[in-house]
Amino acid sequence: MTPIAKLISTLSILLGTTMTITSSHWAVAWAGLEINTLSIIPMISKSHHPRAVEAATKYFLVQAAASTLVLFSSMINAWHTGQWDITLLTHPPACLLLTAAIAIKLSLAPFHFWFPEVLQGSSLPTALLLSTVMKLPPTTLLLITSHSLSPTLLTTMSIMSIALGGWMGLNQTQTRKIMAFSSISHLGWMTSIITYNPKLTLLTFYIYALMTTSIFLTMNTANTLKLSTLMTAWTKTPMLNTTLMLTLLSLAGLPPLTGFLPKWLIIQELIKQEMTTTTTIISMMSLLGLFFYLRLAYCSTITLPPNPASKMKQWSTKNPTNTLISTLTSLSISLLPLSPMILTTT
């Protein structure tokens, strides 16, 4: 992509995201979602590889279907209530359609099939955008309308997403697909609590975005697309791979790392709501995800490659994003002691 095309796409993504998260009218929110979709497609297909073109086509078709459902849902609600305000979604069929539409956009189970394939066909920076920035507008819509949606349906979809994200990630060898299933699992955690504590959902999303950004930038610096290349990356950047291991364990939710905070608070809130069965199920299902995070961490630092590099180890790298990566990684690892302050600000 030329610099001017990249600038236009980036500004359009910012515009679309801002329109959706700040609007109170369904038409403006829908327009923001459409701008987002059309802005990211050139980034997905910029390599002109058949896999990238296929990913861009799948992404366009899925997002177009989801946007159509959003528009259809808002029109049905306006037809029955005379209101276009997002917060006044009350008609049951409209609520059901909107739940399906946002589940498709967030790649929640059982509407998750497109996400791993699209991420696999994208570059690592584009995959980072798809996993974080592009999830913010649908999450905001879900947050605003959560009081109108069915808690039972959302809880069922969240349990399915957590189970499927952990189960499907076990056999993967491509790092982008592993991160895709990780995203599906984390969005399941966010959805499980959104009806009862929306602020906790936002906190979980922010911490997830922080850790995912750190991991994708680290992988992009080391150029690791597969587990086999992750095994040999330590010879180039040993410290970077060590921090990658800690960030992966944080994403898995192991204490005393940052990723433990949202899972701990979600479990605590669900128990307060007397949802002990749901809490037990999602806690057990998260162990599946822990396995492939541990495998990634094992490959990044503990496994020696079959043929170690004979050249001298490169103890430093001249990539300009190192300062950013070190800052994000530090936050991804060490925020748990600050949890009382974080909770008071939210």
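Residues numbered from 1 in each chain as written. Predicted model: local features only at pLDDT ≥ 70, side-chain atom pairs only at ≥ 80, totals over all residues. Heavy atoms only, no water.

J.: Looking at this model, I keep getting lost on the packing of aromatic side chains. Mind explaining?
T.: In total, this model carries 6 aromatic pairs according to the counting rule given. On the numbers, 5.3 Å between centres and 75° between planes, the contact of Trp114 with Phe115 is edge-to-face. Note on Trp114: relative accessible area 8%, which makes it buried. For Phe115, a relative accessible area of 0% puts it in the buried group. Over the ring of Phe115 we find Lys135; its NZ or CZ atom is 3.8 Å from the centre of that ring. (Phe/Tyr/Trp six-rings, centres within 6.5 Å; stacked < 30°, edge-to-face > 60°. Buried < 20%, exposed > 50% of the residue type's maximum accessible area, 1.4 Å probe, protein only. Lys NZ or Arg CZ within 6 Å of the ring centre and 35° of its normal.)

J.: Help me understand the pattern of salt bridges, please; the structure alone is not making it clear to me.
T.: Note that side chains of opposite charge can pair when their charged atoms are close. A complete count under the given rule lists 3 salt bridges for this structure. Among the ionic pairs, Arg51 bridges to Glu117, the shortest N-O distance being 3.3 Å. With a gap of 66 residues between them, Arg51 in helix H3 (residues 50–81) and Glu117 in helix H5 (residues 114–120) connect regions that are remote in the sequence. Owing to a relative accessible area of 32%, Arg51 belongs among the partly exposed residues under this scheme. Between Glu54 and Lys58 there is a salt bridge whose closest N-O contact spans 2.9 Å. Taken together, the residues span about one helical turn, with Glu54 and Lys58 both in helix H3 at a distance of 4 residues. Its relative accessible area of 35% is what places Glu54 among the partly exposed residues. In this structure Lys58 comes out as partly exposed when scored by relative accessible area, which is 28%. Overlapping salt bridges bring together Arg51, Glu117 and Lys177 as one network. (Salt bridge = Lys/Arg side-chain N within 4 Å of Asp/Glu carboxyl O. Helix = DSSP H or I, 4+ residues; strand = E, 2+ residues; numbered from the N terminus.)

J.: Just checking my understanding: could you explain the nonpolar core for this structure?
T.: The nonpolar side chains of a soluble globular protein tend to be buried, and buried together. Ranked by size, the top nonpolar core spans 88 residues in total, and within it Ile40, Ile44, Tyr59 and Leu130 carry the most contacts. The leading source of residues in this core is helix H10 (residues 198–222), at 11 residues. Once you skip the residues sitting within four places of it in the chain, Leu130 turns out to touch Ile40, Ile44, Tyr59, Phe115, Val118, Leu119, Ser122 and Lys135. With 5 residues, the next largest nonpolar core counts Met245, Leu257, Ala297 and Ile333 among its residues. (Core = buried A, V, L, I, M, F, W, Y, C linked by side-chain atoms within 4.5 Å. Contact = heavy atoms within 4.5 Å.)

J.: It is not clear to me how the domain arrangement of the protein chain should be interpreted in this structure. Could you clarify?
T.: Quoted interface sizes are often the accessible area lost when the parts come together. Under the domain assignment, the protein chain is made up of domain 1 (1–126) and domain 2 (150–307 + 320–345). Each of domain 1 and domain 2 has a C-alpha centre, and these two points are 24 Å apart. Counting from both sides, the interface comprises 19 residues of domain 1 and, opposite them, 22 residues of domain 2. For domain 1, the biggest contributors to the area lost against domain 2 are Leu108, Gln120 and Leu124; these three give 37% of the whole. Where domain 1 packs against domain 2, one counts 5 residue pairs in polar contact (both at pLDDT 80 or more). (Domains from an automatic or database assignment. Buried area = accessible area lost by both parts, 1.4 Å probe. Polar contact = N/O pair within 3.5 Å; in protein donor to acceptor, adjacent residues only side chain to side chain.)

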